[in-house]
Amino acid sequence: MKHDLPIKQGITIAENELEITTSRSGGAGGQHVNKTNSRVTIRWNVPTTTALTDEQKERVLQKLHNSLTTEGDLIIHHSSSRSQQQNRQQAIEQLMRTLAYALHVPKKRTATNISKAKKQARLATKAKRGELKKLRSKKYQDE
C-alpha cells in the first residue's frame, strides 16, 4: 500500500502489479555506464489488473494497442539519467501520464446549426465579393 501508484480519480495501481527491473543503460557514459544498472523498465499487464474496470481496460487496450505486447503488457523504459532513482521516478511519471491519456473520455460533441441571419450574411458577402471580381474583368473595362 505504501508504494501504490495513484493514476487519477480514485484509480490506483497496486505495487505488486508492477514489475520494475533494472539493466545496464546504453549509449555514451564511459565506465559508469558499463558497471551500473541505471536503466529502469516497468512492465504492467493490462488484462489482469485489478485497478481498472472492464470498460476502462477496454479503453486502455484500444488507445494503447500500438504500445502493448501481444500478452497486453505495457512496457516503459527510462534511461535518460545516470541515477537509477531518477530514472525510476521518471518511468513511473511516464506510466502515470500514459494511463491518464488512455483513460481520458472525450466529451460528446453536440451538433449545432448555423442561424439563418449568419447564413444570409455569409451568402451576401460571397455575392458582393463575386460582383467585385466580375467588375475587374476585361469584359466590363472596355465599355
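First, a word on what this report is: a plain description of the structure on this page. (Residues numbered from 1 in each chain as written. Predicted model: local features only at pLDDT ≥ 70, side-chain atom pairs only at ≥ 80, totals over all residues. Heavy atoms only, no water.)

Glancing now at the packing of aromatic side chains. In total, this model carries zero aromatic pairs according to the counting rule given. If you follow K63 out to its NZ or CZ, it ends over the ring of Y101, 5.0 Å from the centre. (Phe/Tyr/Trp six-rings, centres within 6.5 Å; stacked < 30°, edge-to-face > 60°. Lys NZ or Arg CZ within 6 Å of the ring centre and 35° of its normal.)

Considering the arrangement of structural elements, one finds W44 in strand β4 (residues 39-45). Look at W44 and you get buried, because its relative accessible area is 0%. Once the C-alpha coordinates of W44 and E19 are considered, the two residues, 25 residues apart in sequence, prove to be 6.5 Å apart. Sequence-distant contacts of W44, defined by excluding residues within four places in its chain, comprise I13, E17, L18, T49, L52, G72, D73, L74 and L99. (Helix = DSSP H or I, 4+ residues; strand = E, 2+ residues; numbered from the N terminus. Buried < 20%, exposed > 50% of the residue type's maximum accessible area, 1.4 Å probe, protein only. Contact = heavy atoms within 4.5 Å.)

All right, on to the sheet that holds β4 then. If you walk across this open sheet you meet the three strands as β3-β4-β5, and the pairing is antiparallel. The sheet terminates laterally at β3 (18-23) and β5 (73-78), the two strands that pair on one side only. Strand-to-strand, the axes of this sheet are offset by a mean angle of 20°, without reference to chain direction. Where β4 meets β5, six bridges bridge the pair, whose relative direction is antiparallel. The residue of β5 that forms the bridge with V40 is H78. Lying on the sheet, helix α3 (residues 84-103) is in contact with β3, β4 and β5; it crosses β5 at an angle near 140°. (Pairing = 2+ DSSP bridges. Axes fitted to C-alpha atoms, helices over the stretch in contact; angles between N-to-C directions.)

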